[in-house]
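A look at the structure
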Amino acid sequence: MPKQIIFHIDVNSAFLSWEASYRIHHLGGTVDLRTIPSAVGGNISKRRGIVLAKSIPAKKYHIQTGEPITDALRKCPNLIIVPPNYELYEKNSKAFMNILRKYTDKVEQYSIDEAFMDMTGTQMLFGPPVVAATALKDEIHHTLGFTVNVGISDKKLLAKMASDFEKPDRVHTLFSEDIQQKMWPLPVRDLFFVGNASEKKLNAIGIQTIGDLAKTDLKTLKALLKKHGEAIWNFANGKDVSLVEPEPADNKGYGNSTTIAFDVADAPTAKLVLLSLSETVGRRLRKNHVRIDMISVSIRYHDFHSVSHQSVLETPTNITNEIHAAACKLFDELWDGTPIRHLGVHTGHVTKDGANRQISLFDDTDYEKLEKLDHAVDHIREKFGADAITRASFLNQDKIDHMNGGISRENRTVDYSKIDLDISVKKKVDKWDFN
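Below: a short report on this structure. All values reported here derive from a predicted model rather than from experimental measurement. (Residues numbered from 1 in each chain as written. Predicted model: local features only at pLDDT ≥ 70, side-chain atom pairs only at ≥ 80, totals over all residues. Heavy atoms only, no water.)

Details of the overall build of the protein
Applicable threshold: Per the convention used, a helix needs a DSSP run of H or I reaching at least four residues, while a strand needs a run of E reaching at least two, with both numbered from the N terminus. A contact between two residues is defined here by any heavy atoms of the two lying within 4.5 Å. The accessible surface values rely on the Shrake-Rupley method and a 1.4 Å probe; as for residues, cover is taken only from the protein chains in view.
Regarding its fold elements, the protein presents 15 helices and 13 strands. Considering only residue pairs separated by 6 or more positions, the protein has 65% of its internal contacts joining residues 24 or more positions apart. A total accessible area of about 22,600 Å² is found for the protein, and carbon and sulfur atoms account for 54% of it.

Following this line, the structure appears as structure tokens:
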């Protein structure tokens, strides 16, 4: 039986790379965002201002993905920040995946900018793994204009670890027999699934490297981090039996949340936001022909303190009004009157369509009619756009999008005719310190 060969392909600084490539190759820009301190960031005025992706030169200023743009600008006042364009990113992701599928039909899309490939037994077609990975990497660069890293291993976890080695535009190997030499000397924070909180706890008991973690008694780790401790101990020792799964697993839950452009201090406005979130959650449920019977509401207050509450419904549903009614009930039980900056509606206990509704003698609601109405609205929006039909409760107000959550509309696309691609950048170039 041939040795299993798995690739992990990761786009280098995906959002920023895709943005830079589009500006140069399609809009005639002359400044490559990848070569200067730059970042893709959210909308500060609407309080979604975080760094979504950064260039390699931006790392010199210790700018981190996920940090507020205001913090990034304090570190680098002349940082170039460009708005996100998810429509562009989705197109790039699709083109990227299409190239991967030319090499094998066993492609598992892990996120918008990374995937696993099972390349076992393809050597006769594409040559040895490193040769095939290099050809794949170069084809993506020449065809689509951006670079990727490719990690090669006999296991998924190790392939992902390998792709995170030196960047950009590199091919790296990390087979099971290479773990002690290539992986164990790395800081423990570099291990998949080890976050900041876990790193601090591990460092506190003297675990600094992945090798330290691998050699630590498993009972000690389970006492410190419970099941998570066992999981990362297995990872540190290269124990991974997961397979490349071309078909995505069924969702275990559906949800949406949004950061509101202003502090919400009254229940009617909060419930209108919950309705907009319920609209998008319900639409996704119906599109996937599933129902849920668990709903939770999360609140983040203006001081960033967060709370949540959940309940189980009597019968599974995908009806927007039912989801909203349950969310409002949870909100009333949860909210303490503190101004709100972020709301979320999440669901669980997913079942396929077809489950019978439990009938109550005291409920005369025509649920069949509500379902048909929701499906009709979905069809109209699918055909004519999300704004083709709007609930009356959203009329005469422009502060709340009637279909909220997920990727906000202002991030869906960008009007490049209103953007100065080069002049504002060139004015700042002389002020950067590249040394």
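Some remarks on helix H8 (residues 196-204)
So the rule is basically this: Buried residues are those whose accessible area, probed at 1.4 Å on protein chains only, stays under 20% of the maximum for their type, while exposed residues exceed 50% and partly exposed ones sit between those limits. This arc corresponds to the set of directions leading from the helix axis out to the C-beta atoms.
Among all positions in H8, only Ser198, Glu199 and Leu202 are buried. Buried residues of H8, viewed axially, fall in a sector of 100°; they line one side. Exposed side of H8, more than 90 degrees from the buried face: Asn196, Ala197, Lys200 and Ala204 are the residues found there. As for H8, its buried residues are in contact with helix H9 (210-215), helix H10 (218-225) and helix H11 (227-236). With its phi angle positive at about 90°, Gly206 sits one or two positions after the end of H8.

Re helix H1 (residues 14-25)
Where we set the bar: Expected span, for any helix, means 1.5 Å times one less than how many residues it has.
In a regular helix each residue adds 1.5 Å, so 12 residues correspond to 16 Å; H1 covers 16 Å between its end C-alpha atoms and thus fits that length. Here H1 lies mainly inside the structure; nine of its 12 residues are buried. Along H1, the positions that sit buried rather than exposed are Ala14, Phe15, Leu16, Ser17, Trp18, Glu19, Ala20, Ser21 and Arg23. On its buried face, H1 sits against strand E1 (6-11), strand E2 (38-41), strand E3 (51-54), strand E4 (80-82), helix H3 (86-100) and helix H5 (129-144).

Remarks on unusual backbone geometry
The residue after Lys167, namely Pro168, is reached through a cis peptide bond having omega 0°. With respect to the helices and strands, Pro168 occurs in the loop between helix H6 (156-163) and strand E8 (171-173). One non-glycine residue, His62, lies in the positive phi region at around 65°. With respect to the helices, strands and loops of the structure, His62 is situated in the loop between E3 and helix H2 (69-75). His62 sits in the exposed class, given a relative accessible area of 57%. A positive phi is found at Lys226, a non-glycine position, where the angle reads about 55°. One can find Lys226 in the loop between H10 and H11.

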